[in-house]
Amino acid sequence: MSIIAFVGSVFSPYYALARRLQGGVADPENFCALNVALYGKGGKRWTMTERGRQHIHRSAHHYKIGPSSLHWNGQDLVIDIDEINVPLPKRVRGRVTVRPEGLCRFVTALDNEGLHRWGPIAPCSRVQVEMDNPRLSWRGHAYLDSNEGDEPVEKGFWDWDWARAEMANGDTSVVYDVRPKKGPGRVVSQRFSPDGSYTPFEAPARFALPASAWRIKRAMCSEPNASPEIVSTLEDTPFYARSLLRTRLLGEDLTAVHETLDVPRLVSWPVRLMLPWKMPRRA
């Protein structure tokens, strides 16, 4: 399960059009969404209904997006989901509770100018999922992070590969392999512990992975003589792919969640025209 709460949705064709019509600047709070992607035997679900400013409310501990909300109670991030699957309308409703084992203060720039930043808020967390529609429940390991930018993503990057995996001792390893538009490529590789501490490590060599069905090129770092292997592709779109894969990092064989973003594909006109089918807007 993947949940992303957007303020100024980076993928939004409506936000892109507003910036284009308004000299490059638009109100990010007028383009908000809760993206829920659910995979498994209970059936795949996808929600990303965009909401205008009048349908959202934000404070330091609460974020309401239409009928859904996120709330920090001091110990847990409680996510109440009440959305509709697209393109086939199916209810997606339930509660997800994320409890950090420790909060992390690590923040780093992803580009070479410091305009795009990533910070894993609680890379080692526990999650309790209680879904009414579809009826599912489980507990397990979770990961919570944040991305922010001072400019549209297409101004900063060509593409990136990102992966995170749970280690045997409960740590989380993350590799962020980025190709910025300005300056050299960047690879951020960190190992995070449940107490919030973190340690950098040298990312091993990059291996090419099989392209997705939409011909998105994918790559992943892995130790020598241990080529990464895709277990399954969870999300396959013209500009983005999410996969489960096996790799080897820090002396361990790991199962990682892996994501690839192709930014030129994202901002192409054919993709912009296709996106409203997956991202309806309610303003």
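For the structure itself, look to the data block above.
Per chain, residues are indexed from 1 in the order of the written sequence. Totals for whole chains, interfaces and linings use every residue, but because this is a predicted model, local features are given only for residues with pLDDT of at least 70 and side-chain atom pairs only at 80 or more, for both listing and counting. With hydrogens and water stripped out, all remaining heavy atoms of the structure feed into the side-chain values.

Attention shifts here to the pattern of salt bridges. Salt bridge, as used here, is a side-chain nitrogen of Lys or Arg placed within 4 Å of a carboxyl oxygen of Asp or Glu. Inspection of the entire model under this criterion finds 22 salt bridges. For Arg93, the salt bridge goes to Asp82, with nearest N and O atoms at 3.5 Å. Of this pair, Arg93 sits in strand β9 (residues 91–100) while Asp82 sits in strand β8 (residues 77–84); the two residues are eleven residues apart in sequence, bridging distant segments of the chain. Across the pair Asp177 and Arg206 runs a salt bridge, and its minimum N-O distance is 2.6 Å. In this pair, Asp177 is assigned in strand β14 (residues 172–180) and Arg206 in strand β17 (residues 206–209), connecting sequence segments 29 residues apart. Residue classification places Asp177 among the buried residues on the basis of a relative accessible area of 3%. Classification of residues uses two cut-offs on accessible area relative to the type maximum, computed with a 1.4 Å probe and protein chains only: under 20% is buried, over 50% is exposed, and between them is partly exposed. For Arg206, a relative accessible area of 47% translates into the label partly exposed. Residues joined in a network through salt bridges with shared partners are Asp159, Asp161, Asp177, Arg179 and Arg206. Secondary structure counts use DSSP, requiring at least four H or I residues in a row for a helix and at least two E residues in a row for a strand, with both numbered from the N terminus.

In this description, the term disulfide denotes a pair of cysteine sulfurs within 2.5 Å. Under the criterion given, the structure shown has zero disulfides. The cysteine Cys104 is free of any disulfide, with Cys124 supplying the nearest cysteine sulfur at 8.5 Å. For Cys104, a relative accessible area of 11% gives the class buried. Free cysteine: Cys221, not disulfide-bonded; nearest cysteine sulfur from Cys124 at 20 Å. For Cys221, a relative accessible area of 4% gives the class buried.

Two pairing modes exist for strands in a sheet, parallel and antiparallel, and in both the strands are linked by backbone hydrogen bonds. Between any two strands, at least two bridges found by DSSP are needed for them to pair. Spatial ordering of the open sheet is given by β16-β15-β14-β13-β21-β20-β19, a layout of seven strands whose pairing is antiparallel. Each edge of the open sheet is held by one strand with a lone partner, namely β16 (198–200) and β19 (229–236). Along the sheet, successive strands turn relative to each other by an average axial angle of 20°, direction set aside. Here ten bridges tie strand β20 (residues 240–249) to strand β21 (residues 252–262), and the two strands are oriented antiparallel to one another. Bridging from a neighbouring strand, Ser243 pairs with His258 of β21. Lines fitted to C-alpha atoms define the axes here, with helix axes fitted over just the stretch in contact, and angles between the N-to-C directions of these axes take values from 0 to 180 degrees.

Let us look at the packing of aromatic side chains. Working definition: a ring pair exists when centres of Phe, Tyr or Trp rings (six-membered ring for Trp) sit within 6.5 Å. Plane angles under 30 degrees give stacked, over 60 give edge-to-face, the rest tilted. On inspection of all chains with the given rule, the structure shows 13 aromatic pairs. For the pair Phe11 and Phe239, a centre-to-centre distance of 5.5 Å together with 50° between the ring planes defines the contact as tilted. One end of the pair, Phe11, is in the loop between β1 (2–7) and α1 (13–21); the other, Phe239, is in the loop between β19 and β20, with 228 residues separating them in the sequence. Each member of the pair, Phe11 as well as Phe239, is classed as buried. Ring geometry for Phe106 and Phe192: centres 5.7 Å apart, planes at 70°, overall edge-to-face. Taken together, the residues Phe106 in the loop between β9 and β10 (108–109) and Phe192 in strand β15 (residues 186–192) connect sequence positions 86 residues apart. The two residues Phe106 and Phe192 agree in class, both being buried. Counting every residue linked through ring pairs, the aromatic cluster contains Phe106, Trp118, Phe157, Trp160, Tyr176, Phe192 and Tyr198. Above the plane of the ring of Trp158 lies Lys181, whose end atom (NZ or CZ) is 4.7 Å from the centre. Remark: a charge is flagged as sitting over a ring if the NZ atom of Lys or the CZ atom of Arg is within 6 Å of the ring centre and within 35 degrees of the ring normal.

Attention now moves to the pairing of strand β6 (residues 62–65). Judged by which residues are buried, β6 turns out to be one-sided: Tyr63 and Ile65 face inward and are buried, whereas His62 and Lys64, on the alternate face, are not. Counting the residues between successive antiparallel strands, the hairpin from strand β5 (residues 56–58) to β6 contains three residues. Here β6 folds back onto strand β7 (residues 68–72) in antiparallel fashion, the turn holding two residues, of which Gly66 has a positive phi close to 60°.

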